[in-house]
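Summary of the model geometry
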Amino acid sequence: KWDLHVHTPASFHWMGGKRLYEMTADEKEAAFQQMLDTINQSDVAVFGVMDYWTFDGYLEFKKYVKEKGLELKKTVLPGIELRIESPTNYRLNIHVILSDKLSEQNLQDFKHCLKLRYTKRPLSDEALKEIPKHIGNDRIRVLGFDPNNMSEDDLYMCGAKAAEITRESLEQAIATIPKDTAFIILPFDTSDGLSRLNWKDHPLAATDF
């Protein structure tokens, strides 16, 4: 068994309580220990950490295991969940699974190459917070926020919900890492998948990847 869609508290979409940046050091240790125990006790052989917009959860988890001298009995692959620009009237999700042989610098280089559609800035928390300035108040309200009263966390969450990366930058990101260390998954008949793409008007859209 492989499970290639595991989220950690680093993902903005985390629904399991506090997000990573809100946790104390003790709470982070408890969360990563629980993650390690769950992975080691599972009958799943390979896991893919698929947090939105970040590798932080994967990197901090691996750091915790290494610094504590603990045993990770299963394969855990780094991944990143993105939204990519596409000829659709809805958000198109894309999952990128990467090799666990890549270094932290490889992963950071990959992420830095990803450019946001609205601002052309490299993907970062700061760049995500800037997106609400470019999408209009009506869109901000649709996403569930008050454009006249947005905290720093609201700006980040709104940007994370609205962000898309460019296809060109994804190709550039893959070019920064060794050959055959990246695998792209495009969901079809799931949330924000390809099934509603207008294939008649855009017959080659999916094959561009």
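Scroll up a little and you will see the structure.
How each quantity is defined
Residues numbered from 1 in each chain as written. Predicted model: local features only at pLDDT ≥ 70, side-chain atom pairs only at ≥ 80, totals over all residues. Heavy atoms only, no water. Helix = DSSP H or I, 4+ residues; strand = E, 2+ residues; numbered from the N terminus. Buried < 20%, exposed > 50% of the residue type's maximum accessible area, 1.4 Å probe, protein only. Contact = heavy atoms within 4.5 Å. Areas by Shrake-Rupley, 256 points an atom, 1.4 Å probe, with all protein chains shown as cover. Pairing = 2+ DSSP bridges. Axes fitted to C-alpha atoms, helices over the stretch in contact; angles between N-to-C directions. Core = buried A, V, L, I, M, F, W, Y, C linked by side-chain atoms within 4.5 Å. Salt bridge = Lys/Arg side-chain N within 4 Å of Asp/Glu carboxyl O. Parallel < 35°, antiparallel > 145°, perpendicular 65-115°, else oblique. Nonpolar A, V, L, I, M, F, W, Y, C, P; charged D, E, K, R; others polar. Expected span 1.5 Å × (residues − 1). Arc of directions from axis to C-beta.

1. Remarks on the overall build of the protein chain
A tally of regular secondary structure across the protein chain gives eight helices and five strands. In the protein chain, the succession of helices and strands from N to C terminus is β-α-β-α-β-β-α-α-α-α-α-α-β. Residues classed as buried in the protein chain amount to 46% of the 209 residues present. Of all intrachain contacts in the protein chain linking residues separated by at least 6 positions in sequence, the fraction that spans at least 24 positions is 69%. Carbon and sulfur atoms provide 49% of the accessible area of the protein chain, an area that totals close to 11,300 Å².

2. So, the sheet that holds strand β3 (residues 75-84)
Sheet architecture is open: five strands sit in the order β1-β2-β3-β4-β5, paired in mixed fashion. Lying at the two open borders of the sheet, with one neighbouring strand each, are β1 (2-6) and β5 (182-185). The sheet shows a mean angle of 25° between the axes of neighbouring strands, taken without regard to direction. Bridge count for β1 against strand β2 (residues 46-52) is three bridges, and the pairing is parallel. What sits directly across from D3, in β2, is F47.

3. Remarks on the nonpolar core
W53, L82, F110 and L170 are the most contacted members of the largest nonpolar core, which totals 56 residues. Ranked by residue count, the leading element in this core is helix α7 (residues 152-162), at six residues. Ignoring sequence-local partners within four residues, the contact set of W53 consists of F12, I80, E81, L82, R83, K111, L123, L128, A160, A163, E164 and I165.

4. Overview of the pattern of salt bridges
For side chains bearing opposite charge, pairing can occur when the charged atoms are close. A full pass over the atoms with the stated rule returns 10 salt bridges. R19 is the partner of D153 in a salt bridge, and the nearest nitrogen-oxygen pair spans 2.6 Å. Placement of the pair is D153 in helix α7 and R19 in the loop between β1 and α1 (25-41), with a sequence separation of 134 residues. Residue classification places D153 among the partly exposed residues on the basis of a relative accessible area of 28%.

5. Some remarks on the packing of α1 against helix α2 (residues 56-67)
The geometry of α1 relative to α2 is characterised by a closest axis approach of 10 Å and an angle of 85° between their N-to-C directions. The orientation of α1 with respect to α2, classified from their angle, is roughly perpendicular. Facing K28, E29, F32, Q33, M35, L36 and I39 of α1, the residues of α2 in contact are G57, E60, F61, Y64 and V65. For the contact of α1 with α2, a count of residues per class yields seven nonpolar, two polar and three charged.

6. Examining unusual backbone geometry
For W53, which is not a glycine, the phi torsion comes out positive at approximately 70°. Structurally, W53 can be placed in the loop between β2 and α2. The backbone of D180 shows a phi angle near 65°, a positive value even though the residue is not glycine.

7. Examining α1
Taking 1.5 Å as the rise per residue, α1 with 17 residues should run 24 Å; its terminal C-alpha atoms sit 24 Å apart, in good agreement. Taken together, the buried positions of α1 are A31, F32, M35, L36, I39 and N40. Summarising the axial view, the buried residues of α1 lie within an arc of 160°, below the 170-degree limit, and thus occupy one face. Of the residues in α1, the exposed ones pointing more than 90 degrees away from the buried face are D26, Q34 and Q41. Taken together, the buried residues of α1 touch β2, α2 and β3.

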